[in-house]
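Secondary and tertiary structure notes
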Amino acid sequence: MSTLEINDLHVTVDTEDGAKEILKGVTLTIKDGETHAIMGPNGSGKSTLAYSIAGHPKYTITGGTVTLDGEDVLAMSVDERAKAGLFLAMQYPVEVPGVSVANFLRTAKTALDGEAPKLRTWVKDVNGALEKMNLDPAFSSRSVNEGFSGGEKKRHEIAQMDLLDPKVALLDEIDSGLDIDALKVVSEGINRFTEREGKGVLLITHYTRILRYVKPDFVHVFVNGKIAEEGGPELADQLEAEGYDKYVKADQQELV
C-alpha cells in the first residue's frame, strides 16, 4: 500500500520582484491503484506541484506537508525522495552528453536498490523496456537524450519508469509534442505501470487527448495555484467541451 498525501501546500518561486506565490494551498491524496489527472491553463501551477514534490531547488515550500507512506517527503533530499519511491518524468528532459542510456539506467537502478542489478538479466530487462517503447536496443548506447526527437525523449522517460519501478510516478506533460502513434505507445507504457500492484500516478496535462488512452480515476482542475474543481473522468470530457474559461473567470471574481 502506497499513499502520497499533499496537504495545504504553498510554494513560492524567486523572481526579479521578489518571491512569487505559485501554489496557494493544494491538498491532494494519491492512493495506490489510483491515477489522478491534473489539468488547467498555462501558468496555473501544475508543473510547479510536480517539481516541488520531487525537490527542485527553484521552488521554496512555505507551508503545508507532503508525505509518502507517512514519511516526510519535504525533509528528504532529491535522491532520498527517489529512493522512497517517487519518480518524475519531465516535460523537457535534459541532455546528458557522454553518459549512455545503459549506464544511466544501471547507475539509477543501483542507487535505488542499494546493489547493482545482475548484468545478464539487466541487459535483457533494458532491451525489453526499450522494445516496449518502440526504441531500438542500440538506443541504449547513445548519450542520454542527446539528439533524441521529442517523442524519443518521452518514450525514454516511460522506459525509465518501467525499469526503476517507483511507487508514485509524477508525469509532467508527458504527452506534449507527441504524434498520435507515440502518444499511444506512451499511454500503453503508463497503463502497464498502473496495472502493477501498489502504484499511483499523477498525470499533468493540458489536453484530454491522452485521457482517451489513460483513464484517470480522478480529474483536478488547477487555476491560479489552487484546485478549482475535482471530479471523475467525466470532468475531462466537460473540459474538452467547455474549456477552462468558467474556472478562470470564477477565480478572477474571487480576487475582486
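What counts, and where the lines are drawn
Residues numbered from 1 in each chain as written. Predicted model: local features only at pLDDT ≥ 70, side-chain atom pairs only at ≥ 80, totals over all residues. Heavy atoms only, no water. UniProt positions renumbered as here; feature names shortened; annotations may be inferred. Helix = DSSP H or I, 4+ residues; strand = E, 2+ residues; numbered from the N terminus. Core = buried A, V, L, I, M, F, W, Y, C linked by side-chain atoms within 4.5 Å. Buried < 20%, exposed > 50% of the residue type's maximum accessible area, 1.4 Å probe, protein only. Contact = heavy atoms within 4.5 Å. Expected span 1.5 Å × (residues − 1). Arc of directions from axis to C-beta. Axes fitted to C-alpha atoms, helices over the stretch in contact; angles between N-to-C directions. Parallel < 35°, antiparallel > 145°, perpendicular 65-115°, else oblique. Left-handed = near helix turned anticlockwise from the far one by under 90°. Nonpolar A, V, L, I, M, F, W, Y, C, P; charged D, E, K, R; others polar. Pairing = 2+ DSSP bridges.

1. So, the UniProt feature "domain: ABC transporter" (unreviewed entry) in the protein chain
With numbering aligned to this structure, UniProt lists the feature "domain: ABC transporter" (unreviewed entry) at residues 4-249. A distance of 31 Å separates the end C-alpha atoms of residues 4-249, which is 36% helix and 31% strand.

2. Comments concerning the nonpolar core
One finds Met161, Leu171, Ile174, Ile190, Leu203, Ile210 and Leu239 to be the most contacted residues of the largest nonpolar core, which totals 44 residues. With 6 residues, the top contributor of residues to this core is helix α6 (residues 180-195). When residues no more than four places from it in sequence are discounted, the contact partners of isoleucine 174 are Ala89, Lys154, Glu157, Ile158, Val186, Ile190, Leu203, Ile204 and Ile210. If you look at the next biggest cluster of nonpolar residues, it comprises 25 residues, including Ile6, Ile22, Ile38 and Leu49.

3. Remarks on helix α3 (residues 101-113)
Along its 13 residues, α3 runs 18 Å from first to last C-alpha, staying within 8% of the 18 Å computed at 1.5 Å per residue. When α3 is considered as a whole, its buried residues turn out to be Val101, Leu105, Ala108 and Lys109. Mapping the buried residues of α3 onto a view down its axis gives an arc of 100°, with all of them on the same face. Opposite the buried face of α3, by more than 90 degrees, sit the exposed residues Asn103 and Thr107. Tucked into the core, α3 has its buried residues touching β7 (96-100), α4 (119-132), β8 (143-144) and α5 (150-164).

4. With respect to the packing of α4 against α5
Where α4 meets α5, the closest approach of the two axes is 9 Å, and the angle between their N-to-C directions is 140°. By the angle class used here, α4 and α5 are oblique. Considering how the two elements wind past one another, α4 and α5 form a crossing that is right-handed. Every residue of α5 that contacts α4 at Trp122, Asp125, Val126, Ala129, Leu130 and Lys132 is listed here: Ala159, Asp162 and Leu163. Here the residues of the contact of α4 with α5 are counted per class, giving 6 nonpolar, no polar and 3 charged.

5. Section: the sheet that holds strand β3 (residues 35-39)
Taking strand neighbours across the sheet as the criterion, the 6 strands line up as β6-β9-β10-β3-β11-β12 in an open arrangement whose pairing is mixed. Strands with a single pairing partner mark the edges of an open sheet, and in this sheet they are β6 (86-89) and β12 (226-231). The average undirected angle you get between the axes of adjacent strands in this sheet is 20°. Sheet topology places strand β11 (residues 218-223) next to β12; 5 bridges connect them, and they run antiparallel. From the neighbouring strand, valine 219 faces β12, where its bridge partner is glycine 231. Contacting β6 and β9 (168-172), α5 runs over the sheet at an angle of about 170° to β6.

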